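A look at the structure
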Amino acid sequence: MPPLEKRQPHAMAIAEHSQRGLVHRIVNDPSAETDDPVASYNIKSRISRRLRQRRQGLPSAEPSDNPPAIATDSPRVPPLSKPTTRNVVLSSHHPAIVWLSKNELSLPLTVLCLVHFCQWVGYEWPSAWFSIQHSVGVGDEQRYVRGVHDATFVVCWVLRIVATRAVMLHHVLPLIPRLLGVKSARKIRRFGESGWFLSYILFSWSIGFRTWQQSPYYMNTRSLYTNYPEEHAPMPYNLKWYYLVQTAFWISNVYTIFVEERRKDHLEMLTHHVVTIALVVSSYYFHFTRFGNAFMLVMDFPDIFLSSAKILRYLGYITAPNILFGVFTVSWVFTKHYLCLKMMLSIWTQGPQEIPYEKHFPHYPNSHASYPIVIVIWAVLCVLQAILIYWFVMILRVLQRVLIQGKDAADNRSDDEGDLESDESVVCEPKPTAEQG
(Lines give C-alpha, C1' and ligand atoms only; values in the text may rest on other atoms or scores of the structure.)
Protein backbone atom coordinates (compact mmCIF):
# COMPACT_ATOMS: atom_id res chain seq x y z
CA MET A 1 0.00 0.00 0.00
CA PRO A 2 1.42 3.46 -0.86
CA PRO A 3 2.22 5.94 1.88
CA LEU A 4 -0.62 7.81 3.49
CA GLU A 5 0.34 11.13 1.91
CA LYS A 6 0.03 9.56 -1.56
CA ARG A 7 -3.38 8.04 -0.97
CA GLN A 8 -5.32 11.00 -2.24
CA PRO A 9 -8.95 10.32 -3.15
CA HIS A 10 -9.87 11.15 -6.70
CA ALA A 11 -12.17 14.24 -6.89
CA MET A 12 -14.00 15.67 -9.83
CA ALA A 13 -15.67 19.10 -9.61
CA ILE A 14 -18.64 19.61 -11.84
CA ALA A 15 -20.06 23.08 -12.38
CA GLU A 16 -23.68 22.99 -13.44
CA HIS A 17 -25.86 25.94 -14.21
CA SER A 18 -29.05 26.29 -12.22
CA GLN A 19 -31.49 29.04 -11.36
CA ARG A 20 -29.45 30.03 -8.29
CA GLY A 21 -26.07 30.03 -10.04
CA LEU A 22 -23.26 27.48 -10.13
CA VAL A 23 -23.66 24.33 -8.04
CA HIS A 24 -20.41 22.44 -7.37
CA ARG A 25 -20.76 18.72 -6.83
CA ILE A 26 -17.88 16.67 -5.50
CA VAL A 27 -17.80 12.97 -6.37
CA ASN A 28 -15.37 10.89 -4.30
CA ASP A 29 -14.27 7.50 -5.47
CA PRO A 30 -12.27 5.58 -2.79
CA SER A 31 -11.18 3.06 -5.40
CA ALA A 32 -8.97 5.76 -6.93
CA GLU A 33 -6.33 5.19 -4.22
CA THR A 34 -3.54 4.00 -6.49
CA ASP A 35 -0.18 5.08 -7.79
CA ASP A 36 -0.60 3.29 -11.12
CA PRO A 37 -1.12 6.06 -13.72
CA VAL A 38 -2.83 3.65 -16.15
CA ALA A 39 -5.29 2.43 -13.54
CA SER A 40 -5.88 5.99 -12.36
CA TYR A 41 -6.63 7.08 -15.93
CA ASN A 42 -9.08 4.21 -16.41
CA ILE A 43 -10.87 5.08 -13.18
CA LYS A 44 -11.14 8.73 -14.13
CA SER A 45 -12.48 7.84 -17.58
CA ARG A 46 -15.08 5.46 -16.12
CA ILE A 47 -16.25 8.04 -13.59
CA SER A 48 -16.47 10.75 -16.25
CA ARG A 49 -18.51 8.44 -18.47
CA ARG A 50 -20.90 7.56 -15.65
CA LEU A 51 -21.37 11.22 -14.73
CA ARG A 52 -22.04 12.14 -18.35
CA GLN A 53 -24.62 9.35 -18.61
CA ARG A 54 -26.30 10.51 -15.41
CA ARG A 55 -26.54 14.10 -16.66
CA GLN A 56 -28.07 12.90 -19.95
CA GLY A 57 -30.46 10.53 -18.19
CA LEU A 58 -28.97 7.44 -19.87
CA PRO A 59 -28.61 4.04 -18.16
CA SER A 60 -25.09 3.14 -17.19
CA ALA A 61 -23.42 0.70 -19.58
CA GLU A 62 -21.17 -0.68 -16.83
CA PRO A 63 -22.89 -2.56 -13.98
CA SER A 64 -21.51 -1.65 -10.62
CA ASP A 65 -22.50 -2.60 -7.07
CA ASN A 66 -21.18 0.65 -5.66
CA PRO A 67 -21.66 3.40 -8.21
CA PRO A 68 -20.25 6.79 -7.32
CA ALA A 69 -22.77 8.80 -5.35
CA ILE A 70 -23.84 12.14 -6.69
CA ALA A 71 -25.29 14.76 -4.43
CA THR A 72 -28.89 15.58 -5.26
CA ASP A 73 -29.45 18.51 -2.96
CA SER A 74 -30.12 20.87 -5.92
CA PRO A 75 -32.97 20.64 -8.39
CA ARG A 76 -32.25 19.52 -11.92
CA VAL A 77 -31.67 22.38 -14.33
CA PRO A 78 -34.84 22.92 -16.42
CA PRO A 79 -34.46 22.67 -20.21
CA LEU A 80 -33.08 25.75 -21.88
CA SER A 81 -36.16 26.04 -24.09
CA LYS A 82 -38.54 26.27 -21.11
CA PRO A 83 -37.29 28.95 -18.73
CA THR A 84 -39.34 29.88 -15.73
CA THR A 85 -39.02 33.64 -16.22
CA ARG A 86 -40.66 33.85 -19.66
CA ASN A 87 -43.22 31.70 -21.38
CA VAL A 88 -40.97 30.87 -24.36
CA VAL A 89 -40.15 27.64 -26.19
CA LEU A 90 -37.36 27.93 -28.75
CA SER A 91 -37.17 25.79 -31.87
CA SER A 92 -33.37 26.07 -31.89
CA HIS A 93 -30.79 25.95 -29.09
CA HIS A 94 -28.13 27.74 -31.11
CA PRO A 95 -26.34 30.26 -28.85
CA ALA A 96 -27.14 33.11 -31.23
CA ILE A 97 -30.87 32.27 -31.19
CA VAL A 98 -30.88 31.99 -27.39
CA TRP A 99 -29.09 35.33 -27.03
CA LEU A 100 -31.40 37.08 -29.50
CA SER A 101 -34.44 35.65 -27.75
CA LYS A 102 -33.29 37.01 -24.40
CA ASN A 103 -32.55 40.44 -25.87
CA GLU A 104 -35.30 40.75 -28.49
CA LEU A 105 -36.68 43.84 -26.77
CA SER A 106 -33.58 45.53 -25.34
CA LEU A 107 -31.45 45.13 -28.49
CA PRO A 108 -33.86 46.81 -30.97
CA LEU A 109 -34.69 49.58 -28.49
CA THR A 110 -31.00 50.25 -27.87
CA VAL A 111 -30.22 50.51 -31.58
CA LEU A 112 -33.23 52.73 -32.28
CA CYS A 113 -32.38 55.00 -29.34
CA LEU A 114 -28.82 55.39 -30.60
CA VAL A 115 -30.06 56.30 -34.08
CA HIS A 116 -32.54 58.80 -32.61
CA PHE A 117 -29.72 60.30 -30.53
CA CYS A 118 -27.55 60.71 -33.63
CA GLN A 119 -30.43 62.46 -35.36
CA TRP A 120 -30.96 64.73 -32.34
CA VAL A 121 -27.31 65.84 -32.25
CA GLY A 122 -27.50 66.91 -35.89
CA TYR A 123 -26.49 64.01 -38.14
CA GLU A 124 -28.43 63.70 -41.39
CA TRP A 125 -28.07 59.98 -42.12
CA PRO A 126 -30.67 58.86 -39.49
CA SER A 127 -33.43 60.47 -41.54
CA ALA A 128 -33.21 57.52 -43.96
CA TRP A 129 -34.11 55.21 -41.05
CA PHE A 130 -37.39 56.91 -40.18
CA SER A 131 -38.76 58.38 -43.41
CA ILE A 132 -39.26 57.39 -47.05
CA GLN A 133 -36.49 58.68 -49.31
CA HIS A 134 -35.91 59.21 -53.05
CA SER A 135 -38.88 61.41 -53.92
CA VAL A 136 -39.51 62.87 -57.37
CA GLY A 137 -41.97 65.62 -58.27
CA VAL A 138 -43.78 68.01 -55.97
CA GLY A 139 -47.29 68.45 -54.62
CA ASP A 140 -49.92 66.05 -55.90
CA GLU A 141 -47.46 64.77 -58.49
CA GLN A 142 -44.92 63.68 -55.90
CA ARG A 143 -43.83 60.08 -56.29
CA TYR A 144 -41.11 57.89 -54.87
CA VAL A 145 -38.63 55.64 -56.65
CA ARG A 146 -36.50 52.86 -55.25
CA GLY A 147 -33.01 53.70 -53.96
CA VAL A 148 -30.16 52.61 -51.70
CA HIS A 149 -31.66 54.23 -48.59
CA ASP A 150 -34.63 51.87 -48.72
CA ALA A 151 -32.49 49.20 -47.03
CA THR A 152 -31.99 51.31 -43.90
CA PHE A 153 -35.73 52.00 -43.72
CA VAL A 154 -36.36 48.23 -43.88
CA VAL A 155 -33.79 47.58 -41.13
CA CYS A 156 -35.46 50.19 -38.92
CA TRP A 157 -38.84 48.51 -39.38
CA VAL A 158 -37.39 45.06 -38.71
CA LEU A 159 -36.21 46.36 -35.34
CA ARG A 160 -39.57 48.02 -34.68
CA ILE A 161 -41.51 44.88 -35.55
CA VAL A 162 -39.30 42.63 -33.39
CA ALA A 163 -39.60 45.00 -30.44
CA THR A 164 -43.36 45.39 -30.87
CA ARG A 165 -43.77 41.62 -31.10
CA ALA A 166 -41.79 41.17 -27.86
CA VAL A 167 -44.00 43.67 -26.01
CA MET A 168 -47.24 42.21 -27.39
CA LEU A 169 -46.20 38.59 -26.92
CA HIS A 170 -44.79 38.78 -23.40
CA HIS A 171 -46.55 41.72 -21.74
CA VAL A 172 -49.86 42.58 -23.43
CA LEU A 173 -51.53 39.59 -25.10
CA PRO A 174 -50.98 37.06 -22.24
CA LEU A 175 -53.20 39.22 -20.02
CA ILE A 176 -56.29 38.31 -22.06
CA PRO A 177 -56.29 34.51 -21.56
CA ARG A 178 -55.22 34.90 -17.93
CA LEU A 179 -58.15 37.20 -17.23
CA LEU A 180 -60.42 34.61 -18.86
CA GLY A 181 -59.11 31.86 -16.60
CA VAL A 182 -56.72 30.04 -18.96
CA LYS A 183 -54.01 28.24 -16.94
CA SER A 184 -52.08 26.33 -19.60
CA ALA A 185 -48.74 27.93 -20.40
CA ARG A 186 -48.80 26.46 -23.88
CA LYS A 187 -52.26 27.86 -24.64
CA ILE A 188 -51.21 31.30 -23.43
CA ARG A 189 -48.04 31.17 -25.49
CA ARG A 190 -49.88 30.07 -28.63
CA PHE A 191 -52.56 32.69 -28.01
CA GLY A 192 -49.87 35.36 -27.94
CA GLU A 193 -48.26 34.12 -31.16
CA SER A 194 -51.57 33.97 -33.03
CA GLY A 195 -52.74 37.26 -31.53
CA TRP A 196 -49.60 39.08 -32.64
CA PHE A 197 -49.84 37.65 -36.16
CA LEU A 198 -53.52 38.60 -36.41
CA SER A 199 -52.82 42.13 -35.15
CA TYR A 200 -50.18 42.72 -37.79
CA ILE A 201 -52.18 41.11 -40.63
CA LEU A 202 -55.22 43.28 -39.86
CA PHE A 203 -52.99 46.37 -39.74
CA SER A 204 -51.03 45.67 -42.94
CA TRP A 205 -53.94 44.22 -44.93
CA SER A 206 -56.12 47.26 -44.28
CA ILE A 207 -53.34 49.58 -45.49
CA GLY A 208 -52.63 47.39 -48.52
CA PHE A 209 -56.31 47.18 -49.38
CA ARG A 210 -56.70 50.97 -49.14
CA THR A 211 -53.68 51.39 -51.42
CA TRP A 212 -55.13 48.94 -53.94
CA GLN A 213 -58.60 50.53 -53.76
CA GLN A 214 -57.23 53.98 -54.62
CA SER A 215 -55.04 52.68 -57.45
CA PRO A 216 -55.74 52.46 -61.22
CA TYR A 217 -55.35 48.68 -61.08
CA TYR A 218 -58.25 48.15 -58.67
CA MET A 219 -60.23 45.04 -59.73
CA ASN A 220 -58.40 44.93 -63.07
CA THR A 221 -55.55 42.50 -63.67
CA ARG A 222 -54.76 44.00 -67.07
CA SER A 223 -53.90 47.31 -65.41
CA LEU A 224 -51.18 45.52 -63.46
CA TYR A 225 -49.06 45.78 -66.61
CA THR A 226 -50.47 48.88 -68.36
CA ASN A 227 -47.98 51.69 -69.15
CA TYR A 228 -45.00 49.75 -67.82
CA PRO A 229 -42.50 51.05 -66.75
CA GLU A 230 -43.36 54.78 -66.98
CA GLU A 231 -46.18 54.60 -64.41
CA HIS A 232 -44.69 51.75 -62.38
CA ALA A 233 -41.20 52.95 -61.45
CA PRO A 234 -42.47 56.05 -59.59
CA MET A 235 -44.71 54.89 -56.74
CA PRO A 236 -47.15 56.76 -54.50
CA TYR A 237 -46.05 57.15 -50.90
CA ASN A 238 -48.46 54.60 -49.41
CA LEU A 239 -47.48 51.90 -51.92
CA LYS A 240 -43.76 52.27 -51.25
CA TRP A 241 -44.32 52.40 -47.48
CA TYR A 242 -46.51 49.29 -47.63
CA TYR A 243 -43.95 47.42 -49.69
CA LEU A 244 -40.97 48.23 -47.47
CA VAL A 245 -42.83 47.44 -44.23
CA GLN A 246 -44.03 44.14 -45.66
CA THR A 247 -40.44 43.31 -46.59
CA ALA A 248 -39.38 44.05 -43.00
CA PHE A 249 -42.18 41.89 -41.61
CA TRP A 250 -41.24 38.82 -43.64
CA ILE A 251 -37.57 39.26 -42.79
CA SER A 252 -38.50 39.39 -39.10
CA ASN A 253 -40.56 36.21 -39.57
CA VAL A 254 -37.38 34.31 -40.46
CA TYR A 255 -36.17 35.17 -36.95
CA THR A 256 -39.59 34.49 -35.42
CA ILE A 257 -39.84 30.84 -36.48
CA PHE A 258 -36.63 30.10 -34.54
CA VAL A 259 -37.85 31.67 -31.29
CA GLU A 260 -41.23 29.93 -31.34
CA GLU A 261 -42.07 26.32 -30.64
CA ARG A 262 -40.95 24.12 -33.51
CA ARG A 263 -43.75 22.83 -35.71
CA LYS A 264 -43.92 19.84 -38.01
CA ASP A 265 -43.68 22.03 -41.11
CA HIS A 266 -40.72 24.07 -39.86
CA LEU A 267 -38.74 23.54 -43.07
CA GLU A 268 -41.76 24.34 -45.26
CA MET A 269 -42.47 27.49 -43.25
CA LEU A 270 -38.85 28.63 -43.53
CA THR A 271 -38.94 27.97 -47.29
CA HIS A 272 -42.20 29.91 -47.55
CA HIS A 273 -40.68 32.94 -45.79
CA VAL A 274 -37.55 32.88 -47.96
CA VAL A 275 -39.63 32.55 -51.15
CA THR A 276 -41.92 35.38 -50.05
CA ILE A 277 -38.96 37.66 -49.35
CA ALA A 278 -37.49 36.80 -52.76
CA LEU A 279 -40.79 37.64 -54.48
CA VAL A 280 -41.28 40.92 -52.60
CA VAL A 281 -37.72 42.12 -53.18
CA SER A 282 -37.58 41.06 -56.84
CA SER A 283 -40.96 42.60 -57.70
CA TYR A 284 -39.88 45.81 -55.97
CA TYR A 285 -36.57 45.94 -57.84
CA PHE A 286 -38.11 45.09 -61.23
CA HIS A 287 -40.94 47.67 -60.81
CA PHE A 288 -43.73 45.09 -60.56
CA THR A 289 -45.11 46.64 -57.39
CA ARG A 290 -48.68 46.73 -58.68
CA PHE A 291 -48.65 42.97 -59.11
CA GLY A 292 -46.98 42.57 -55.72
CA ASN A 293 -49.54 44.73 -53.93
CA ALA A 294 -52.48 42.72 -55.28
CA PHE A 295 -50.70 39.40 -54.75
CA MET A 296 -49.90 40.10 -51.08
CA LEU A 297 -53.53 41.04 -50.42
CA VAL A 298 -54.66 37.76 -51.96
CA MET A 299 -52.16 35.71 -49.95
CA ASP A 300 -52.78 37.38 -46.57
CA PHE A 301 -56.59 37.40 -46.57
CA PRO A 302 -57.23 33.77 -45.40
CA ASP A 303 -54.76 34.15 -42.53
CA ILE A 304 -57.19 36.51 -40.82
CA PHE A 305 -59.72 33.70 -40.36
CA LEU A 306 -57.11 31.09 -39.41
CA SER A 307 -55.56 33.25 -36.70
CA SER A 308 -59.01 34.17 -35.36
CA ALA A 309 -60.00 30.51 -35.18
CA LYS A 310 -56.81 29.59 -33.33
CA ILE A 311 -57.24 32.45 -30.84
CA LEU A 312 -60.78 31.37 -29.96
CA ARG A 313 -59.69 27.76 -29.68
CA TYR A 314 -56.93 28.63 -27.19
CA LEU A 315 -59.57 30.46 -25.14
CA GLY A 316 -61.59 27.24 -24.89
CA TYR A 317 -64.27 27.77 -27.54
CA ILE A 318 -65.21 24.92 -29.87
CA THR A 319 -68.07 25.87 -32.21
CA ALA A 320 -66.79 29.32 -33.24
CA PRO A 321 -63.30 28.05 -34.18
CA ASN A 322 -64.84 25.27 -36.28
CA ILE A 323 -67.01 27.78 -38.16
CA LEU A 324 -64.08 30.13 -38.71
CA PHE A 325 -61.96 27.24 -39.90
CA GLY A 326 -64.60 26.41 -42.49
CA VAL A 327 -64.59 30.04 -43.68
CA PHE A 328 -60.80 29.93 -43.74
CA THR A 329 -60.83 26.80 -45.92
CA VAL A 330 -63.19 28.34 -48.47
CA SER A 331 -61.19 31.59 -48.57
CA TRP A 332 -57.95 29.59 -48.88
CA VAL A 333 -59.16 27.76 -51.98
CA PHE A 334 -60.56 30.93 -53.56
CA THR A 335 -57.59 33.22 -52.91
CA LYS A 336 -54.43 31.14 -52.61
CA HIS A 337 -55.30 28.74 -55.41
CA TYR A 338 -57.91 30.24 -57.75
CA LEU A 339 -56.93 33.93 -57.63
CA CYS A 340 -53.24 33.14 -57.27
CA LEU A 341 -53.25 30.89 -60.35
CA LYS A 342 -55.31 33.47 -62.25
CA MET A 343 -52.70 36.13 -61.52
CA MET A 344 -49.91 33.76 -62.49
CA LEU A 345 -51.58 33.06 -65.82
CA SER A 346 -52.10 36.79 -66.42
CA ILE A 347 -48.32 37.17 -66.52
CA TRP A 348 -48.26 35.15 -69.75
CA THR A 349 -51.62 36.18 -71.22
CA GLN A 350 -52.08 39.88 -70.41
CA GLY A 351 -48.46 40.80 -69.67
CA PRO A 352 -47.13 40.43 -73.25
CA GLN A 353 -50.14 42.34 -74.60
CA GLU A 354 -49.56 45.35 -72.33
CA ILE A 355 -45.74 45.24 -72.39
CA PRO A 356 -44.64 44.86 -76.01
CA TYR A 357 -41.20 43.65 -76.95
CA GLU A 358 -40.04 47.22 -77.64
CA LYS A 359 -40.32 47.91 -73.89
CA HIS A 360 -38.35 44.85 -72.83
CA PHE A 361 -35.03 44.91 -71.06
CA PRO A 362 -32.46 46.15 -72.11
CA HIS A 363 -33.95 48.04 -75.03
CA TYR A 364 -36.08 50.39 -72.92
CA PRO A 365 -34.91 52.61 -70.05
CA ASN A 366 -36.01 51.56 -66.55
CA SER A 367 -37.59 48.41 -67.95
CA HIS A 368 -36.88 44.99 -66.47
CA ALA A 369 -39.48 43.08 -68.44
CA SER A 370 -37.81 40.17 -70.19
CA TYR A 371 -38.55 36.50 -70.60
CA PRO A 372 -35.63 35.28 -68.42
CA ILE A 373 -36.76 37.50 -65.54
CA VAL A 374 -40.40 36.47 -65.95
CA ILE A 375 -39.42 32.78 -66.04
CA VAL A 376 -37.48 33.15 -62.77
CA ILE A 377 -40.39 34.93 -61.07
CA TRP A 378 -42.81 32.30 -62.42
CA ALA A 379 -40.59 29.49 -61.06
CA VAL A 380 -40.54 31.09 -57.61
CA LEU A 381 -44.33 31.44 -57.73
CA CYS A 382 -44.58 27.75 -58.60
CA VAL A 383 -42.47 26.85 -55.55
CA LEU A 384 -44.80 28.94 -53.41
CA GLN A 385 -47.83 27.24 -54.94
CA ALA A 386 -46.33 23.81 -54.20
CA ILE A 387 -45.98 24.76 -50.52
CA LEU A 388 -49.57 25.98 -50.49
CA ILE A 389 -50.78 22.69 -51.97
CA TYR A 390 -48.88 20.80 -49.26
CA TRP A 391 -50.58 22.90 -46.59
CA PHE A 392 -53.95 22.46 -48.27
CA VAL A 393 -53.57 18.68 -47.88
CA MET A 394 -53.05 19.24 -44.15
CA ILE A 395 -56.16 21.45 -44.10
CA LEU A 396 -58.16 18.62 -45.67
CA ARG A 397 -56.97 16.31 -42.90
CA VAL A 398 -58.31 18.75 -40.32
CA LEU A 399 -61.63 18.92 -42.18
CA GLN A 400 -61.81 15.14 -42.17
CA ARG A 401 -61.25 15.14 -38.40
CA VAL A 402 -64.00 17.75 -37.91
CA LEU A 403 -66.64 16.48 -40.37
CA ILE A 404 -66.16 12.71 -40.16
CA GLN A 405 -64.66 12.04 -36.75
CA GLY A 406 -66.55 14.84 -34.98
CA LYS A 407 -63.45 16.38 -33.38
CA ASP A 408 -62.63 20.05 -33.11
CA ALA A 409 -60.44 21.92 -35.58
CA ALA A 410 -56.77 22.04 -34.59
CA ASP A 411 -53.59 23.32 -36.16
CA ASN A 412 -52.35 20.16 -37.85
CA ARG A 413 -48.87 21.63 -38.25
CA SER A 414 -48.11 21.61 -34.51
CA ASP A 415 -46.73 18.73 -32.53
CA ASP A 416 -49.18 17.44 -29.88
CA GLU A 417 -51.51 20.32 -30.65
CA GLY A 418 -54.49 18.27 -29.66
CA ASP A 419 -53.31 17.89 -26.07
CA LEU A 420 -52.38 21.31 -24.87
CA GLU A 421 -52.11 20.20 -21.27
CA SER A 422 -49.63 17.40 -21.88
CA ASP A 423 -46.41 19.17 -21.00
CA GLU A 424 -47.25 22.48 -19.29
CA SER A 425 -50.35 22.52 -17.16
CA VAL A 426 -49.65 25.71 -15.23
CA VAL A 427 -48.14 28.94 -16.48
CA CYS A 428 -44.38 29.14 -15.94
CA GLU A 429 -44.32 26.27 -13.46
CA PRO A 430 -41.68 23.63 -14.27
CA LYS A 431 -42.48 19.96 -13.92
CA PRO A 432 -41.13 18.23 -10.78
CA THR A 433 -37.96 16.29 -11.48
CA ALA A 434 -36.77 12.97 -10.16
CA GLU A 435 -34.50 14.70 -7.66
CA GLN A 436 -37.43 16.76 -6.38
CA GLY A 437 -39.62 13.72 -5.96
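For the structure itself, look to the data block above.
Residues numbered from 1 in each chain as written. Predicted model: local features only at pLDDT ≥ 70, side-chain atom pairs only at ≥ 80, totals over all residues. Heavy atoms only, no water.

1. Some words on the overall build of the chain
In terms of regular secondary structure, the chain is built from 13 helices and four strands. Here the chain holds 437 residues, and 44% of them are scored as buried. Here the analysis covers contacts within the chain between residues at least 6 apart in sequence; of these, 70% occur between residues at least 24 apart. Of the roughly 23,400 Å² of accessible surface on the chain, 63% is carried by carbon and sulfur atoms. (Helix = DSSP H or I, 4+ residues; strand = E, 2+ residues; numbered from the N terminus. Buried < 20%, exposed > 50% of the residue type's maximum accessible area, 1.4 Å probe, protein only. Contact = heavy atoms within 4.5 Å. Areas by Shrake-Rupley, 256 points an atom, 1.4 Å probe, with all protein chains shown as cover.)

2. Side note on the pattern of salt bridges
The final tally for this structure, using the stated rule, is 13 salt bridges. Measuring nitrogen to oxygen at the nearest pair gives 3.3 Å for the salt bridge that ties Glu-104 to Arg-165. One end of the pair, Glu-104, is in the loop between helix H2 (95–102) and helix H3 (106–120); the other, Arg-165, is in helix H5 (residues 150–172), with 61 residues separating them in the sequence. Overlapping salt bridges bring together Glu-104, Arg-165, Arg-186, Arg-189, Arg-190, Glu-193, Glu-260, Glu-261 and Arg-263 as one network. (Salt bridge = Lys/Arg side-chain N within 4 Å of Asp/Glu carboxyl O.)

3. Observations concerning the packing of aromatic side chains
Under the counting rule described, the total for this entry stands at 22 aromatic pairs. Ring plane angle 50 degrees and centroid distance 5.6 Å describe the contact between Phe-325 and Phe-328, whose orientation is recorded as tilted. Of this pair, Phe-325 and Phe-328 both sit in helix H11 (residues 319–349), three residues apart, which is roughly one turn of that helix. Phe-328 matches Phe-325 in its accessibility class, with the two residues each being buried. The structure contains a cluster of three or more aromatic residues connected by ring pairs, namely Trp-157, Trp-196, Phe-197, Tyr-200, Phe-203, Trp-241, Phe-249 and Trp-250. The ring of Tyr-285 carries Arg-146 above its face, with NZ or CZ at 4.2 Å from the centroid. Here Arg-160 stacks its cationic end above the ring of Trp-157, 5.0 Å away from the centre of that ring. (Phe/Tyr/Trp six-rings, centres within 6.5 Å; stacked < 30°, edge-to-face > 60°. Lys NZ or Arg CZ within 6 Å of the ring centre and 35° of its normal.)

4. Some thoughts on the side chain of Ser-184
Following the sequence through the fold, Ser-184 ends up in the loop between helix H6 (175–179) and helix H7 (185–213). One polar contact links the side chain of Ser-184 to the main-chain amide nitrogen of Arg-186, over a distance of 3.4 Å. Separated by 3.3 Å, the side chain of Ser-184 and the backbone nitrogen of Lys-187 make a polar contact. (Polar contact = N/O pair within 3.5 Å; in protein donor to acceptor, adjacent residues only side chain to side chain.)

5. A closer look at unusual backbone geometry
Here the residue pair Tyr-228 and Pro-229 is connected by a cis peptide bond, since its omega of 0 degrees sits within 30 degrees of zero. Topologically, Pro-229 is positioned in the loop between H7 and helix H8 (237–256). Of note in this structure, Asn-227 is not a glycine but carries a positive phi near 55 degrees.

6. Points about a nonpolar patch on the surface
Side chains of Phe-117, Trp-120, Val-121, Tyr-123 and Trp-125 sit close together on the surface and give an oily, nonpolar patch of about 650 Å² of accessible area. Counting through the fold element by element, Trp-120 comes out in helix H3. The class for Trp-120 is exposed, based on a relative accessible area of 70%. (Patch = residues over 30% accessible without salt bridge, like charges linked within 9 Å, V, L, I, M, F, W, Y side chains within 5 Å.)

7. Description of the environment of Ser-199
Residue placement: Ser-199 occurs in helix H7. Its relative accessible area of 32% is what places Ser-199 among the partly exposed residues. In the structure, Ser-199 is positioned 105 residues away from Ile-304 in sequence and 9.1 Å away in space, judged by C-alpha atoms. Of note is the side chain of Ser-199, whose polar atom sits 2.7 Å from the backbone oxygen of Gly-195.

8. Brief notes about the packing of H7 against helix H10 (residues 289–314)
Put simply, H7 and H10 touch, their axes get as near as 8 Å, and they point 150 degrees apart. Regarding the angle of H7 to H10, the classification is roughly antiparallel. The two elements H7 and H10 cross, and the hand of that crossing is left-handed. (Axes fitted to C-alpha atoms, helices over the stretch in contact; angles between N-to-C directions. Parallel < 35°, antiparallel > 145°, perpendicular 65-115°, else oblique. Left-handed = near helix turned anticlockwise from the far one by under 90°.)

9. Comments concerning the packing of H5 against H7
Packed helices, taken two at a time, are described by the angle between their axes plus the distance between the axes. Running from N to C, H5 and H7 cross one another at 135 degrees; their axes reach a closest spacing of 9 Å. Between H5 and H7, the angle is such that the two are oblique. Of the two elements, H5 crosses H7, and the hand of that crossing is right-handed. For the pair formed by H5 and H7, the contact residues are Ile-161, Thr-164, Arg-165, Met-168 and Leu-169 on the first element and Arg-189, Gly-192, Glu-193, Trp-196 and Ser-199 on the second. Among the residues forming the contact of H5 with H7, the class breakdown is four nonpolar, three polar and three charged. (Nonpolar A, V, L, I, M, F, W, Y, C, P; charged D, E, K, R; others polar.)

10. With respect to H11
If you check H11, its first and last C-alpha atoms are 44 Å apart, about what 31 residues at 1.5 Å a residue would give, namely 45 Å. Of all the bends found along H11, the most pronounced is centred on Trp-332 and spans about 25 degrees. (Expected span 1.5 Å × (residues − 1). Bend = angle between axes of the 7 residues up to and from the residue.)

11. A short note on the environment of Phe-305
One can find Phe-305 in helix H10. When the C-alpha atoms of Phe-305 and Trp-332 are compared, they prove to be 9.6 Å apart, with 27 residues separating the residues in sequence. Each residue touching Phe-305, except ones within four places of it in the same chain, is listed here: Leu-324, Val-327, Phe-328 and Ser-331.

12. Description of the side chain of Ser-252
Along the chain, Ser-252 falls in helix H8. Discounting chain neighbours no more than four positions away, the residues touching Ser-252 are Val-158, Ile-161 and Val-162.

13. Quick look at the environment of Val-374
On the secondary structure map, Val-374 appears in helix H13 (residues 371–403). Here Val-374 falls in the buried class, since its relative accessible area comes to 18%. Along the sequence, Val-374 and Gly-351 sit 23 residues apart, while their C-alpha atoms lie 9.9 Å from each other. Excluding its chain neighbours within four sequence positions, the residues that come into contact with Val-374 are Ile-347 and Trp-348.

14. Regarding the state of the cysteines
The final tally for this structure, using the stated rule, is zero disulfides. Summary of cysteine pairing: Cys-382 is not part of a disulfide, and the nearest cysteine sulfur, belonging to Cys-340, is at 9.1 Å. Cys-382 sits in the partly exposed class, given a relative accessible area of 33%. (Disulfide = S-S within 2.5 Å.)

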